[in-house]
Amino acid sequence: MGIKMAKQLLGKEVTAALNEKIKADAEALKGKGINPTLGIIRVGERPDDVSYERGATKRCETLGVSYEKFLLPADVSQEELMETLDKVNKDEKIHGILIFRPLPKHLDEDAVIKALNPEKDVDGITDGSMVGVFAGTKQGFPPCTPQACMEILDHYKIDCTGKKAVVVGRSLVVGKPAAMMLIKKNATVTICHTRTVDMPSVVKEADIVIVAAGRAGVVDGSYLSAGQTVIDVGINVNEEGKLCGDVKYDEAEPIVEAITPVPGGVGSVTTSVLVGHVVEAAMRTL
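Just so it is clear, the model here is predicted, and its values are computed rather than measured.

Draft legend 1. A look at the environment of Val189. On the secondary structure map, Val189 appears in strand S6 (residues 188–192). Between the C-alpha atom of Val189 and that of Ala16, which follows or precedes it by 173 residues, the distance is 29 Å.

Draft legend 2. Region of interest: unusual backbone geometry. Between Arg101 and Pro102 the backbone carries a cis peptide bond, its omega angle lying at 0°. Within the element layout of this structure, Pro102 appears in the loop between strand S4 (96–99) and helix H4 (109–115). Note the cis peptide between Val262 and Pro263, where omega equals -5°. Positioned with a positive phi, Lys157 is a non-glycine residue whose angle comes to about 50°. Judged by relative accessible area, which is 73%, Lys157 ranks as exposed. Look at Asp198: it is not a glycine, yet its phi comes out positive at around 50°. Here Asp198 falls in the partly exposed class, since its relative accessible area comes to 46%.

Draft legend 3. Up close: the packing of helix H1 (residues 11–31) against helix H6 (residues 144–155). Closest axis-to-axis distance for the H1/H6 pair is 10 Å, and the angle between their directions is 95°. Here H1 is positioned roughly perpendicular relative to H6, judged by the angle of their axes. Judged by residue contacts, Glu13, Val14, Ala17 and Leu18 of H1 engage Glu151, Ile152 and His155 from H6. Of the residues that constitute the contact of H1 with H6, the class distribution is 4 nonpolar, 1 polar and 2 charged.

Draft legend 4. A look at the pairing of strand S5 (residues 164–168). Counting buried positions along S5 yields 4 of 5 residues, so the element is predominantly enclosed. Note: S5 against S6, 5 bridges, orientation parallel. Counterpart to Val166 in the pairing with S6 is Thr190. What joins S5 to S6 is helix H7 (residues 175–184), and the crossover it makes is right-handed. With 4 bridges joining them, S5 and strand S7 (residues 208–211) adopt parallel strand pairing. Counted as the bridge partner of Ala165 is Ile208 from S7.

Draft legend 5. Structural detail: the domain arrangement of the protein chain. Parsing the protein chain into structural domains produces domain 1 (32–117) and domain 2 (142–266). A C-alpha centroid distance of 29 Å is found between domain 1 and domain 2.

Draft legend 6. Highlighting the sheet that holds S4. An order of S3-S2-S4 is seen for the 3 strands of this open sheet, with the pairing classed as parallel. Only two strands of the sheet have a single partner each, and these edge strands are strand S3 (66–72) and S4. Ignoring strand direction, the axes of neighbouring strands in this sheet form an average angle of 20°.

So, how was this worked out
- Residue positions are given per chain, counted from 1 along the sequence in the order it is written.
- With the structure being a predicted model, the display of local features is reserved for residues of pLDDT at least 70 and the display and counting of side-chain atom pairs for 80 or more, all residues being used for whole-chain, interface and lining totals.
- Only hydrogens and water are removed before side-chain values are computed, so all heavy atoms of the structure are retained for them.
- Strands here mean DSSP runs of E at least two residues long; helices mean DSSP runs of H or I at least four residues long; both are numbered from the N terminus.
- For every residue, the accessible area obtained with a 1.4 Å probe (protein chains only) is divided by the maximum for its type, and the residue is called buried under 20%, exposed over 50%, and partly exposed between those limits.
- Whenever a helix is involved, its axis is fitted only over the stretch in contact; in every case the axis is a line through C-alpha atoms, and angles between N-to-C directions fall within 0 to 180 degrees.
- For classification, angles of less than 35 degrees are called roughly parallel, those exceeding 145 degrees roughly antiparallel, those between 65 and 115 degrees roughly perpendicular, and all remaining angles oblique.
- Note on contacts: a residue pair qualifies if any of its non-hydrogen atoms lie within 4.5 Å across the two residues.
- Note on residue categories: nonpolar means Ala, Val, Leu, Ile, Met, Phe, Trp, Tyr, Cys or Pro, charged means Asp, Glu, Lys or Arg, and polar means any other residue, Gly included.
- Following DSSP output, two strands are said to pair if at least two bridges run between them.
- Every crossover in which the path from the first strand over the helix to the second runs clockwise, viewed with the strands pointing away from the viewer, is termed right-handed.
- A domain assignment, automatic or from a database, supplies the domain bounds used here.

Here's what the structure looks like:
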């Protein structure tokens with residue numbers, strides 16, 4: 001008998017299904033005279049910001065969503081940044097706003113986030129959006145990455161009801177919202193973090209594992225067991241300069257039931273979720 005390989009949960013299949021719906025919704029809105037539009041606010045030229053922006057604008061183009069860029073120099077004043085945000089907040093033609101973070105050190109990021117209109121917060125960074133995630137209401141939008149994880153589970157018909165789910169990482173960007181979204185899917189959720197005692201044995205017990213630790217290869221074979229579904233949110237660059245996740249893929253693959261690859265997993269779905277939020281924000285204005 002050969003080695004059983006895990007099922008690959010490919011982002012492109014999920015993205016294809018999402019894109020079809022987003023495209024149809026965008027078309028329908030245009031029929032009603034509404035042109036869904038994303039406003040992108042970028043300060044400076046950080047390479048990862050620029051590359052994410054390229055992916056987002058390309059996705060907008062293929063899905064029939066417009067975008068407008070507001071590019072500010074890295075040494076922009078707080079005042080000018082707030083004025084730009086205020087202008088985009090008030091612009092009725094712009095339905096969603098994406099602000100690249102972290103902002104340069106001299107800027108007050110909290111003040112910027114507080115000033116962002118939650119109705120346009122398609123990246124899920126405002127307190128209003130967080131309340132929506134934690135209360136399970138349609139307020140603001142959930143952060144794109146944890147929602148991409150849920151879209152993958154849905155697409156591959158992985159039922160969470162009554163399952164044990166472990167989320168590795170407690171950030172407000174991924175860990176905490178992912179845990180809330182899993183609870184909404186009726187999973188029983190444990191959150192692990194750097195202070196967790198004997199993390200491998202906790203993760204081993206799970207049916208569904210979402211890893212968002214922010215460190216390459218933090219989860220190896222000793223954490224995993226047969227039958228698990230593993231969603232790897234990590235995007236790291238290893239010694240050879242290749243992209244890799246927070247899970248040691250080659251150790252995980254022979255053990256678990258299903259796993260998302262990096263690249264080609266969660267990241268590719270995230271961009272479609274973002275554009276989908278822009279279309280949804282436009283629909284909410286009807």
